[in-house]
Structure formats: C-alpha cells, structure tokens
Amino acid sequence: MNNSTSGDSTEPDVTFLQNLRRYAYGYIMFTTCLVGIFSNILAFAVLSCKSMRSSNTAVYLRCLAAVDSCVLLLAIFRYQSYFILLPEKDIITSIFQLNPYVQVYLTPFFWIFLGMSSFTTFSLSLERYLAVRWPLTLKQTCTMTTVACCLGGITLMVFLITFPQFLCYKIEKAVFRNTHIVVAKLTNDYLDAHAYMQAYDHYILPIFWYMVPWFAVATFNTLLSIEVHKSSRIRIGIPNIANPNRKLSVLIMLIVFVYMICHFPRCILAFYCLINNCSSTTEGEGVDFRTYHIVQAVADMLNVLNSCCNFVIYCMSGTRFRKEAKQLLCQFCCNSQPLMLPTMQSVHISLQGVPATPVDVRKSFNMSYKELQITPNLSPSKSMVELQIPDSCARPSSSSSCKTSPSTSCLKLPATYQNLTI
C-alpha cells in the first residue's frame, strides 16, 4: 500500500504510530506537562507577591501563567499522555470508557485556554509596544480596569466561539463485541453539529487560533524591538543613563519570540491543511505518511512546550523574580518559617550618639527592610531607632553591651551598633 494514502495503514505504519505516541505524546509530553504545571504555579505565586503584582504587565503574566497551567493539565488528557501510567488492559478500557467524556467535556476547554493563551500573549506584546511608543498617553489610559476588561473580552470571545462544541455531542452507551462501551455521537438537537465542527476544525482553529495571533505578535514584536533600540538610552542632562524599563521590554520580546518559535510548525501545518482542505489528523495527497505524523507530533509538542517556557524566561531576565522565587521555595521546600510573624517586638537601636538614617540601619543588618519584614520608625535627627522585628529574626549577640532578659531579644550588629535594648 502507498504511504500517501490516508486509508487503512499497513502493519509497519500501525507499529510506527504506536511507538510515536508512546515516546512523543507519552514520555516526552507527559513529563513536559508536569514540569510546566509546577513552574507555572510557582510563577503565578511569585508574580502575586506584594512587590510584583502592582503593574499591568504583572496582571498579564499572572493570567498567562494560570491559563498555561490549564492548557498543560488538559493536554495530558487531550493527547492521551496519561496512557503511559496505565497497563495495556486499562488503556483499552480508557479508550472505550473515558475518551468520549474527554472529547465532549474537556477538549473544548483545552481550545478555550489555548486561545486565551495566544490572545493574552498578543495583548501583552501590544501593551508593551504602546507603553514604549506612547508612554505618557498609555499611563493615563491603560489602568488595571482596562487590563481586566481586555482579559475579560478575550475570555468571552474564545468561550463564545468554542461553546457550541458542548452542544454538538452527546454521550451514548453501546455494546461492542459483547462489551459495554461509551461513545460520543454528533447530535443536531441544537445546531448543525457536522457543519459547525467542520468549520471549527478547518477554518476557526487554523486561522484564529494559530495564524492570526502568530502574525499579530510577530508584527508588534518587530515594532517593539525597533522602539526599544531607539530608546535604549535616555539622555536627560546626563548621557548614557540606562532605560529602567528596557529589561521589561526585553522580557516581553523573549516571551513573544519563544511563542513564535513554538507555534511556527503548527501554523505551517494549519496552513497546509487549510489550502489542501484536509483534516489536521490525516495527511493529504502526495505526502509521506510517517513524515506527516512526525511533523504533527513535533508541532503538538512545541505547542505544549510554549506553555512551559515562561518561567525559565522570567528567571533568566528578572533578578527580582529570581529573588522572590528563591525565597518562596525556601519557605515551602526547606520548611523555614515566614519572616513576618504575628508577634512583633519593638527594638530600639542606639547608634552611640550618631544620628540614624535608613541607609545606616539597612546596611547594619546587611539586608533590605523587605527581607527582614520589619516596619521601621526612623528619624534622622535622633540617635534612637525603633524597629518592629519578629522574634524569629532576632539573633542573640555575644556583645556584653546587649543585655538580655526573658522579654529581651538582641540582634547581631556590627561593633558600631552594639548598644541594643528593648
């Protein structure tokens, strides 16, 4: 039989597909999804910290982390990656008992979250380009309310487009070779299911889920890179002062660039299926059977990989993100207690007649106020500084000038700041 035919496959082709699904969609994709879910949850937690959640970009990134987590979770069922955890007999049972429910109830949500991921990436790129191109205008118009409305509009749009899928199928029980099975059957109770599914698979997904977002983010990412290159330096009075927002722009460009690379094979495959009027699961005329399915597997894996890469990008380009992630991991993985505790103490630090300034006190602890989780009451004109410090942050001092008592906690300070009382 000719491999270009989309009919019954030969035995070697069947074995090839089984091995391809086991390694590509099984071991590789399942591991990628698990790692990606963990990294996106961690990224969401870090971006939700008080010091990082205030900007519009952080809202987009948190939304992207949440949506990507859902994409990866649903991809495990959409591509049947969980089969690697099941013995052979349970795989057959899953095909006839679980897969119809996945097709009817989970697959539409997979496309909803995948569409939200693509359009959120586009909105992130557009917002950053406008912020660099017209910073003063955007600062007045692009508020948290505007971002929330934008994300809400994206969610509503992709949900309304995909919602009819829930009405196209119904679950029915049947008997196959004396075995009770469950099947998903197209139904015309609410709409012409066959026409809608054909339009969705052949036109909506290729055009609006892949090609249009890809070309849109490619356009605005190019424009953003041009604007960043123009405004890479701010010269107001003193030349060669680095732009403080340049790192954020580079971060967004990296996110979009990874998106473009990961979605490019899927865009090519979608365009091929569009012009040849063939399904995304069957090869067209004159195309080698194995080549087509390898390309499809690579496209699907890169499509899923895109939802895992953002955490790596944040760690590579964000110093503050790395710092917050490290602190969060230490709290949960190393069983360390949080620095901020309900019980606080008033600690007075005498600087031996030297007026205390915030810089002096911060340097004396060799860390920032945020790391110590302290609430300072500083007065540069006084030699006494009052700090609200948790008990767990107090370290006994070996200096004789630090008088301890049952209600006294001391901090280990440099010699200049050893006079410590409560």
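Residues numbered from 1 in each chain as written. Predicted model: local features only at pLDDT ≥ 70, side-chain atom pairs only at ≥ 80, totals over all residues. Heavy atoms only, no water.

### A few points about the environment of T93
Using the following cut-off: Under the scheme used here, helices are H or I runs from DSSP no shorter than 4 residues and strands are E runs no shorter than 2 residues, and both carry numbers assigned from the N terminus.
With respect to the helices, strands and loops of the structure, T93 is situated in helix α3 (residues 88–97). With 88 residues separating them along the chain, T93 and I181 place their C-alpha atoms 8.5 Å apart.

### Some thoughts on the pairing of strand β1 (residues 169–176)
Basically, it comes down to this: For two strands to count as paired, DSSP must find a minimum of two bridges between them.
Sheet topology places β1 next to strand β2 (residues 179–186); 8 bridges connect them, and they run antiparallel. Along β2, the bridge assignment pairs Y169 with L186. Where β1 folds back onto β2 in an antiparallel hairpin, the turn is made up of 2 residues, including R177, whose phi is positive at roughly 55 degrees.

### Considering helix α1 (residues 11–47)
How we decide: A helix's residues, less one, multiplied by 1.5 Å, set its expected span. Values of bend correspond, residue by residue, to the angle between axes fitted over the seven residues ending at that residue and the seven starting there.
With 37 residues, α1 extends 51 Å from end C-alpha to end C-alpha; this agrees with the ideal 54 Å at 1.5 Å per step. For α1, the principal kink sits at M29 and spans about 35 degrees.

### Details of the state of the cysteines
Note the cut-off: Note on terminology: disulfide denotes any pair of cysteine sulfur atoms within 2.5 Å. Remark: exposure states derive from per-residue accessible area (1.4 Å probe, protein chains only) relative to the maximum for the residue type, with buried under 20%, exposed over 50%, and partly exposed in between.
What the rule picks out here adds up to 0 disulfides. The closest cysteine sulfur to the non-disulfide-bonded C262 is located on C309, 4.9 Å from its own sulfur. On the basis of relative accessible area, C262 is assigned to the buried category, the value being 5%.

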